Structure formats: C-alpha cells, structure tokens
Amino acid sequence: KSSGKTSISNFLAGQADTLLSPEGAAAPTVGCRILEFEITSAGSGRAIPIELWDTGGDTEYEACWPAIRKDASALVLVYNPEKQAHLEEIGIWYEEFSKELSDDQQILVFSHSASGAKGARPPPRIAELNVLNTDADSASAISSAFTKFMGKVEQIAAKKRSEERRVGKECR
C-alpha cells in the first residue's frame, strides 16, 4: 500500500542499490514474497542468515497472517506517516504480527516517506517502539539500523535456545 516495504526489503536483501523504485515498478505486493540473504553481525562478526518475508499490507490477506507470523524471530514494520490509513493500520499490523514475539526489542519500525516528510506521529503503542524516520535518501541509516537490530535479535534467539536446552536437560 505504498509504504516502501518492498523497496526497503529489496535494498536490505541486496537486490537494489538504492531505496528508489524504478519508474512504475511500485506495485502492491500480492500476499507474501520471501527474500533470503545474509548479513554480518555487528556484535559477533558472524554471518546471520535472514529470511525476510515481504508481505502485502492489505487486509484482504489477513487470513494468511497467522501462517506468515508463525515462528518469526523478528518483525520489521514499515508505514508511510503521510497516509492516514497507514497510521490506523500500523496498530493492526503490530497487534497481529507481534503475537509470536517475546520482546519489543524484536521489533523495528520504519516511518518511511519518499518525500522525507515526518507526517503525523504513530499511535502511542507504536511510538514506544524503535521507530526510525526514513526517506529515499536513508539507505545507509536503514542498513545500519537493520544490522544492529538483527544483532539484538540474534542475541535474544541465542538466549532462548540456551534456556530451551537448559530446561530440556532438567526434564530428562
């Protein structure tokens, strides 16, 4: 719905050098598309495999949302602060897609406007999260924020795996 989700996804996955979509290429994402790539963790220096699910923001795909969020390790929300509908929908997307997550540090929000306009503030619950204001010239900031974010997600996942192993040993 013209928020920049696909442009940001393509850039992060290395499928585009910029955040600008080719003329006429910004078509709404139908359902979901999966991009697989790796980034280098800022903390450990290890390669982190990423499976980024670029989902259509339209509620017509709502029946697919439980399958999309199942086993998610993190959530990246993108909305356009200049669009009133996005300000209303971002809360719905947050409530739906964050259900599987145990920690708000597993959520990154891009308030993305092609023109760079700040627009209206997001709903209070979203404003409490890690929200980064971005535009078409924010490629470096988006890349840096995503790498740092995935490092945190990696730490949370490692802690969770360690706890699961500990509990598993105690139950034997």
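Look up: the structure comes first, before these words.
Residues numbered from 1 in each chain as written. Predicted model: local features only at pLDDT ≥ 70, side-chain atom pairs only at ≥ 80, totals over all residues. Heavy atoms only, no water.

**Thoughts on the pattern of salt bridges**
If the charged atoms of two oppositely charged side chains come close together, the side chains can form a pair. Going by this rule: Counted as salt bridges are all cases of a side-chain nitrogen of Lys or Arg within 4 Å of a carboxyl oxygen of Asp or Glu. To qualify as a helix, a DSSP run of H or I must reach at least 4 residues; to qualify as a strand, a run of E must reach at least 2; elements of each kind are numbered from the N terminus.
With the rule as written, the count across this model stands at 9 salt bridges. R125 is the salt-bridge partner of D104, the closest N and O atoms lying 2.5 Å from each other. Taken together, the positions of D104 in the loop between α3 (84–97) and β4 (107–112) and R125 in helix α4 (residues 124–127) put the pair 21 residues apart, joining distant regions of the chain. Taken together, the salt bridges that share partners define one network made up of R69, E96, K99 and E100.

**What about the pairing of strand β3 (residues 75–79)?**
Let me state the cut-off plainly: Think of it in three bands: residues with accessible area under 20% of the maximum for their type are buried, residues over 50% are exposed, and the middle band is partly exposed, with areas taken using a 1.4 Å probe on protein chains only. In this description, strands pair whenever DSSP reports at least two bridges between them. For crossovers, right-handed means that the path from the first strand over the helix to the second runs clockwise, given strands pointing away from the viewer.
When you tally the buried positions in β3, you get 4 out of 5 residues, the bulk of the element. In this structure, β3 lies alongside β4, joined through 5 bridges in parallel fashion. The partner of V78 across the bridge, within β4, is F110. Following the chain from β3 across α3 to the adjacent parallel β4, one finds a crossover that is right-handed.

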